[in-house]
Amino acid sequence: MKHWLWLSLAILALDQTTKWLALAMLEPFEAIAVIPNFNLTLMFNKGAAFSFLAGAGGWQRWFFVVLALSLTVFLIGWLLRLKRDERFQAVGLALLIGGAIGNLIDRLLLGHVVDFIQVYLPVIPMALFNPWPAFNIADSAITLGVGILILTMLFVDEDRSRPPAT
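This is a predicted model, so every value here is computed, not measured.

### A few points about the overall build of the chain
Phase 1: In terms of regular secondary structure, the chain is built from 4 helices and 3 strands.
Phase 2: Across the chain, every contact between residues at least 6 apart in sequence was considered, and the portion connecting residues at least 24 apart equals 63%.
Phase 3: Of the roughly 10200 Å² of accessible surface on the chain, 72% is carried by carbon and sulfur atoms.

### A look at the pattern of salt bridges
Phase 1: Under the criterion given, the structure shown has 2 salt bridges.
Phase 2: Here lysine 19 ties to aspartate 15 by a salt bridge, and the two come within 2.9 Å at their closest N and O atoms. Pair noted here: lysine 19 and aspartate 15 are both in helix α1 (residues 5-25), with a separation of 4 residues, about one helical turn. In this structure, lysine 19 and aspartate 15 share a single accessibility class: buried.
Phase 3: Close ionic contact of lysine 19 with aspartate 106 constitutes a salt bridge, the shortest N to O distance being 2.8 Å. Placement of lysine 19 in helix α1 and of aspartate 106 in helix α3 (residues 87-110) is noted, with a sequence separation of 87 residues between them.
Phase 4: When salt bridges that share partners are traced, they join Asp15, Lys19 and Asp106 into one network.

### Observations concerning the pairing of strand β2 (residues 38-45)
Phase 1: Both strand β1 (residues 32-35) and β2 contribute to a ladder of 3 bridges, which runs antiparallel. When the sheet's bridge partners are listed, alanine 33 is paired in β2 with asparagine 39.
Phase 2: With antiparallel pairing between neighbouring strands as the criterion, β1 and β2 make up a hairpin whose turn holds 2 residues, including asparagine 37 at a positive phi of roughly 70°.
Phase 3: Inspection of the sheet shows β2 paired to strand β3 (residues 113-119) by 6 bridges, in the antiparallel sense. Directly across from leucine 40, in β3, lies its bridge partner isoleucine 117.

### A few points about the packing of α1 against α3
Phase 1: Axis separation between α1 and α3 bottoms out at 8 Å; the angle between their running directions is 35°. Taken as a pair, α1 and α3 cross one another with a handedness that is right-handed. For the pair α1 and α3, contact is made by Leu5, Leu7, Ser8, Ile11, Leu12, Asp15, Gln16, Lys19 and Leu23 and by Val91, Ala94, Leu95, Ile97, Gly98, Gly99, Ile101, Gly102, Asn103, Ile105, Asp106 and Leu110, respectively.
Phase 2: The residue inventory of the contact of α1 with α3, partitioned by class, reads 12 nonpolar, 6 polar and 3 charged.

Rules used throughout
- Residues numbered from 1 in each chain as written.
- Predicted model: local features only at pLDDT ≥ 70, side-chain atom pairs only at ≥ 80, totals over all residues.
- Heavy atoms only, no water.
- Helix = DSSP H or I, 4+ residues; strand = E, 2+ residues; numbered from the N terminus.
- Contact = heavy atoms within 4.5 Å.
- Areas by Shrake-Rupley, 256 points an atom, 1.4 Å probe, with all protein chains shown as cover.
- Salt bridge = Lys/Arg side-chain N within 4 Å of Asp/Glu carboxyl O.
- Buried < 20%, exposed > 50% of the residue type's maximum accessible area, 1.4 Å probe, protein only.
- Pairing = 2+ DSSP bridges.
- Axes fitted to C-alpha atoms, helices over the stretch in contact; angles between N-to-C directions.
- Left-handed = near helix turned anticlockwise from the far one by under 90°.
- Nonpolar A, V, L, I, M, F, W, Y, C, P; charged D, E, K, R; others polar.

This is how it looks when you write it as structure tokens:
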């Protein structure tokens, strides 16, 4: 299933290109409205999701680098062991790999992850995550990849020799 790594490379290229453009064209923390409920806002995240450990004093950078490298190696190994008919899992893993490497590059080169996509969710009360924390293409790929893996675990029968339970 190594041929699915093209998707990881595509995510990585799109992620790094859009981050480079955001760094070149946006001022930090300035919101530029694109359409209602969608802004471009350059932000820097030294932590993980929702700025987890962002203020930890610097050690978190290397912790997340090691974590991302370890997970990427594990995910590539998992991808390479998949069977031909496990395409949905392959897509999920390829998205995770591309996203993990995209954010890893930021941490290694810049010391933080570049985020620039900001959305407002009108269905959420203003006090709860509105605007939603800024994110990037890598974060989106990771979220989509995890979602696909969860769905395949819930709805794809592991024993393909018999029909799925009804």
